[in-house]
Amino acid sequence: MRVELEQLRTPHLDDVYAARDVVSRYLKPTPLLYSRRLSRLLGCQIHLKLENLQPTRAFKVRGGVHYLERMKEQAVSRGVITASTGNHAQSIAYAGMLFGVNVRIVMPQGVPQMKTEAVNNLGAEVIFHGSYYEEAREYAERLASQRGFLYVHGINEPLLYEGVGTMHLEAFEELPGMDVVINPIGGGSGASAACIVYKSLNPRIKVIGVQAEGAPAFYHSWKKGAVMPAEAVNTTAEGLATSRAYELPLRILREKLDDMVLVSDQEMKQAVRTILQETGQVAELSGAASTAAAFKIKKELAGCKVVLMLTGGNIEPEQLARILRGQT
């Protein structure tokens, strides 16, 4: 199911505004939290966009709701299948529950039990295959072809970007004078949507993406300007554990992204601790990546108004306890 670049529709700001008309019927806006304590630590004005407070505790539910509402007729008649390491899975499962759609999720082995149980609790069927996202995705595509399911590509699907972009509209409307936005990059929908929204509304806003050092496929492809061969993945931040870049987000990021930062798992764990200690919010490793990046580029942010996208809070209690104890 190879996707040709010219076949991929690039979303625009008008599409995001239209998506908000859909998303707002099912999801409330999330808070943009100013943190005086983080601002003092980082030497700038820090605002956290709290997507960990979504019903699925992650931003991707916006895309899932928008996609299935728009594709409802086909989805109900054929059933839906997709692949995910967790948060996209919950977004489609949650939307399937809203709209009465049978949902199947292919997940790689090793996804935290908390995320698989959440998908099951939303009424979706979980199918385990492979050891990382791309293996699960390829299997989901085969099943869709064999059984006639409606396949949702978790990364190259424009309707997901339009739904996800609504979180950035909310942030901009609450803080139009922002200078910098930092967004994690796993599959790239969140950072790409950030580019679409902010660069359309105010091109001076700097958009910075963040990848895990152990999963730098987008970083290398963005630097080279083309999708590079798949790479080995070595990160415990499952939301960032993709082994290759994808066509649609790379096209958007190459054109509009200002910079990309790599952070280590240890830096993300420290950010999880800091976010909890200074704001009382729970972040998973990928959700804390933007905060980790802010500490890494602290000097560049001096005096700026900065929005950190806290994209998810789905972390196992045992893992959170280990992180808080300083254990690896």
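The coordinates are above.
How each quantity is defined
- Residues numbered from 1 in each chain as written.
- Predicted model: local features only at pLDDT ≥ 70, side-chain atom pairs only at ≥ 80, totals over all residues.
- Heavy atoms only, no water.
- Core = buried A, V, L, I, M, F, W, Y, C linked by side-chain atoms within 4.5 Å.
- Buried < 20%, exposed > 50% of the residue type's maximum accessible area, 1.4 Å probe, protein only.
- Helix = DSSP H or I, 4+ residues; strand = E, 2+ residues; numbered from the N terminus.
- Contact = heavy atoms within 4.5 Å.
- Polar contact = N/O pair within 3.5 Å; in protein donor to acceptor, adjacent residues only side chain to side chain.
- Axes fitted to C-alpha atoms, helices over the stretch in contact; angles between N-to-C directions.
- Parallel < 35°, antiparallel > 145°, perpendicular 65-115°, else oblique.
- Left-handed = near helix turned anticlockwise from the far one by under 90°.
- Nonpolar A, V, L, I, M, F, W, Y, C, P; charged D, E, K, R; others polar.

Participant: Hey, could you run me through the nonpolar core in this one?
Facilitator: General note: in soluble globular proteins, nonpolar side chains tend to be found buried as a group. Within the largest apolar cluster, 75 residues are counted, with the highest numbers of intra-cluster contacts made by Leu 68, Val 80, Met 178 and Tyr 198. It is helix H8 (residues 158–174) that provides the largest number of residues to this core, a total of eight residues. Setting aside its immediate chain neighbours within four residues, Leu 68 contacts Ala 75, Val 80, Ile 92, Ala 95, Gly 96, Phe 99 and Val 101. Val 180, Ala 271, Ile 275 and Ala 288 belong to the second-largest nonpolar core, a separate cluster that totals 36 residues.

Participant: Explain the environment of Glu 213 to me, please; I cannot follow it from the model alone.
Facilitator: With respect to the helices, strands and loops of the structure, Glu 213 is situated in the loop between strand E8 (206–212) and helix H10 (217–224). Glu 213 sits in the partly exposed class, given a relative accessible area of 42%. As a C-alpha pair, Glu 213 and Leu 262 span 49 residues in sequence and 5.2 Å in three-dimensional space. Glu 213 has contacts with Leu 262, Val 263, Ser 264, Glu 267 and Lys 296, leaving out every residue within four places of it along the chain. A distance of 3.4 Å separates the side chain of Glu 213 from the side chain of Lys 296, its partner in a polar contact.

Participant: So what exactly am I meant to see when it comes to the packing of H8 against helix H9 (residues 189–201) here?
Facilitator: Two measures define how a pair of helices packs: the angle their axes make with one another and the distance between the axes. Close contact between H8 and H9 brings their axes to 8 Å; oriented N to C, the two are set at 50 degrees. For the element pair H8 / H9, the angle class is oblique. You can see that H8 and H9 cross each other, and the crossing is right-handed. Facing H8, whose interface residues are Tyr 161, Val 164, Gly 165, Met 167, His 168, Leu 169, Ala 171 and Phe 172, H9 presents Ser 189, Gly 190, Ser 192, Ala 193, Ala 194, Val 197, Tyr 198 and Leu 201. The class makeup of the residues in the contact of H8 with H9 is 11 nonpolar, five polar and no charged.

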